[in-house]
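Chains, contacts and geometry: an overview
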Amino acid sequence: MRDDRDDPFGDIFDEIERMMSEMADAAGEPGGDAGFGDETHVSVYEEGETLRLVADLPGVDKEGIDLQCDGRTLTISAEGTGRRFDERVRLPVRVDEHSASASFNNGVLEVTFDALEPSADIDLE
């Protein structure tokens, strides 16, 4: 039978957890939340020819949000009261980034894109 005293890595993991907590405290972030935290949720929905992304950004104003897309990845940068969010979301399909439409209401960001057709197969003769 094994107990916690036999765990050769227990002290190492405790030390790593302590250092991570200290770094978060040193950054001045409440609760040690660096970037998207436990209260933030990002979902991606494929709806026919449309791709829709919904992200919770609590404590952020519309003016503090910056969005960028290269057709495969959506980058969300946002600043709010005492926190900063930076997230790169890999999209499940290629999208037309110029078709993007975004809205922000009550801390919820919604971005929609037109999905592009999958790559065509090339017949080898």
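Structure's up top.
First, a word on what this report is: a plain description of the structure on this page. As the structure is a prediction and not an experimental result, all values here were calculated from the model. (Residues numbered from 1 in each chain as written. Predicted model: local features only at pLDDT ≥ 70, side-chain atom pairs only at ≥ 80, totals over all residues. Heavy atoms only, no water.)

1. A short note on the sheet that holds strand S5 (residues 83-90)
Basically, it comes down to this: Two strands are counted as paired when DSSP detects at least two bridges linking them. Counting from the N terminus, the helices are the DSSP runs of H or I reaching at least four residues and the strands are the DSSP runs of E reaching at least two. In this analysis an axis means a line fitted to C-alpha atoms, helices contributing only their contacting stretch, and an angle means the value between N-to-C directions, from 0 to 180 degrees.
Taken together, 3 strands build an open sheet; the order of strands is S3-S4-S5 and the sheet is antiparallel. Looking at the sheet topology across the chains shown, the edges are occupied by strand S3 (60-69) and S5. Neighbour-to-neighbour, the strand axes of this sheet turn through a mean angle of 15°, independent of strand direction. Bridge count for S3 against strand S4 (residues 73-80) is 6 bridges, and the pairing is antiparallel. Paired with isoleucine 65 across the two strands is alanine 78, which belongs to S4.

2. So, the environment of glutamate 79
To keep things clear, this is the line we draw: Exposed residues in this analysis have more than 50% of their type's maximum accessible area, buried residues have under 20%, and partly exposed residues fall in between, with area computed by a 1.4 Å probe over protein chains only. It only takes one pair of heavy atoms within 4.5 Å for two residues to be counted as in contact. Pairs of N or O atoms within 3.5 Å make up the polar contacts considered here, provided that, within protein, one atom can donate a hydrogen while the other can accept it, and that residues adjacent in sequence are counted only when both atoms are side-chain atoms.
In this fold, glutamate 79 is placed in strand S4. Residue glutamate 79 is classed as partly exposed on the basis of its relative accessible area, which comes to 48%. In sequence terms glutamate 79 and isoleucine 65 are 14 residues apart; their C-alpha atoms lie 6.7 Å from each other. In this structure glutamate 79 touches Val60, Asp61, Gly64 and Arg84, once residues within four positions along its chain are discounted. Here arginine 84 takes part through its side chain, which lies 3.3 Å from a polar atom of the side chain of glutamate 79.

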